[in-house]
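Breakdown of the fold
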Amino acid sequence: MQILHPFAGSVQQYIEQLDNPDSCRPGHCPQCLAKHPLTAHGFYTRTLIDTAFDGVIRVRRYLCQTCQRTVSLLPEFVLAYLRSSLSVIALFLIARLLLTQTLSNAAPPPMPYQRGQFWIRRFRAQAESLCAALAALTKPTPAPDFVHRALTMLQATGWVAAHRFLFAGVRCHLLGWPRGLAPDGRRAAFSSAAAPA
Ligand SMILES: [Zn+2]
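Since the structure is predicted, the reported quantities are computational estimates derived from the model, not experimental observations.

1. What to know about the overall build of the chain
- Along the chain, the regular secondary structure elements total five helices and four strands.
- Starting at the N terminus and walking to the C terminus, you meet the elements of the chain as β-α-β-β-β-α-α-α-α.
- The buried share among the 197 residues of the chain stands at 42%.
- Accessible area for the chain stands at about 10,300 Å²; split by element, carbon and sulfur atoms hold 57% of it.

Structural data, given as structure tokens:
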């Protein structure tokens, strides 16, 4: 199971504090609800593309001694199963879908065409349910469609705050869970591994 690392800071600051297993050790298990602090259980690595970082980061794992399941602590600036950081995806979606009328701010960060189209497709499919979920955090604004409304609500809430609420509170992925995963992000039976995009 993946939960969010309650960490606010840059990628570099995240990397620097990662060697201390106590800094964010969960005090209880989110899966079986045992009230024991979890045991540090190594790391896995994943690629990350951020505005000022392109490389591999480690993600810390903990083990619950009661149910013997692992929990990984995903930093808040990344989205599960996506290589690019939340801010890179946010900048791109805002530039391409929200600011398309204004020329000055409309240049999206450079990126492979296919990847940008993939995000846009996923965001469009997800927009209506995002509007419904985010109504718990911010007032829905008048907008021509769900895509514009969802983007405006994300801007009003802050993307990281919205992501934290969606992921931790309602197990909703900002761009939708990949095919093959159950709605709450747990791996469904008989699924093939979803490649990060
Ligand atoms: Zn447990």
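2. Focus on the packing of helix α3 (residues 113-134) against helix α5 (residues 159-169)
- It is at 11 Å that the axes of α3 and α5 come closest, and there the two elements cross at 90°. The pairing of α3 with α5 is recorded here as roughly perpendicular in orientation. Here L130, A133 and L134 of α3 come into contact with α5, specifically with A162, F165 and L166.
- Here the contact of α3 with α5 is built from residues that sort into six nonpolar, no polar and no charged.

3. Things to note about the environment of Q13
- Note that Q13 resides in helix α1 (residues 11-17).
- Given a relative accessible area of 43%, Q13 falls into the partly exposed group.
- Of note is the side chain of Q13, whose polar atom sits 2.8 Å from the backbone nitrogen of S10.

4. So, the coordination of the zinc ion
- Binding of the zinc ion to the protein goes through C29 (SG), C32 (SG), C64 (SG) and C67 (SG), at separations of 2.3 to 2.4 Å.
- Taken in chain order, the donor set of the zinc ion reads C-x2-C-x31-C-x2-C.
- Its relative accessible area of 0% is what places C29 among the buried residues.
- For C32, a relative accessible area of 29% gives the class partly exposed.

Cut-off values and rules
Residues numbered from 1 in each chain as written. Predicted model: local features only at pLDDT ≥ 70, side-chain atom pairs only at ≥ 80, totals over all residues. Heavy atoms only, no water. Helix = DSSP H or I, 4+ residues; strand = E, 2+ residues; numbered from the N terminus. Buried < 20%, exposed > 50% of the residue type's maximum accessible area, 1.4 Å probe, protein only. Areas by Shrake-Rupley, 256 points an atom, 1.4 Å probe, with all protein chains shown as cover. Axes fitted to C-alpha atoms, helices over the stretch in contact; angles between N-to-C directions. Parallel < 35°, antiparallel > 145°, perpendicular 65-115°, else oblique. Contact = heavy atoms within 4.5 Å. Nonpolar A, V, L, I, M, F, W, Y, C, P; charged D, E, K, R; others polar. Polar contact = N/O pair within 3.5 Å; in protein donor to acceptor, adjacent residues only side chain to side chain. Donors = N, O, S within 2.8 Å, 3.2 Å for Na, K, Ca; no water.

Scope: geometric values only; no functional claims are made or implied.
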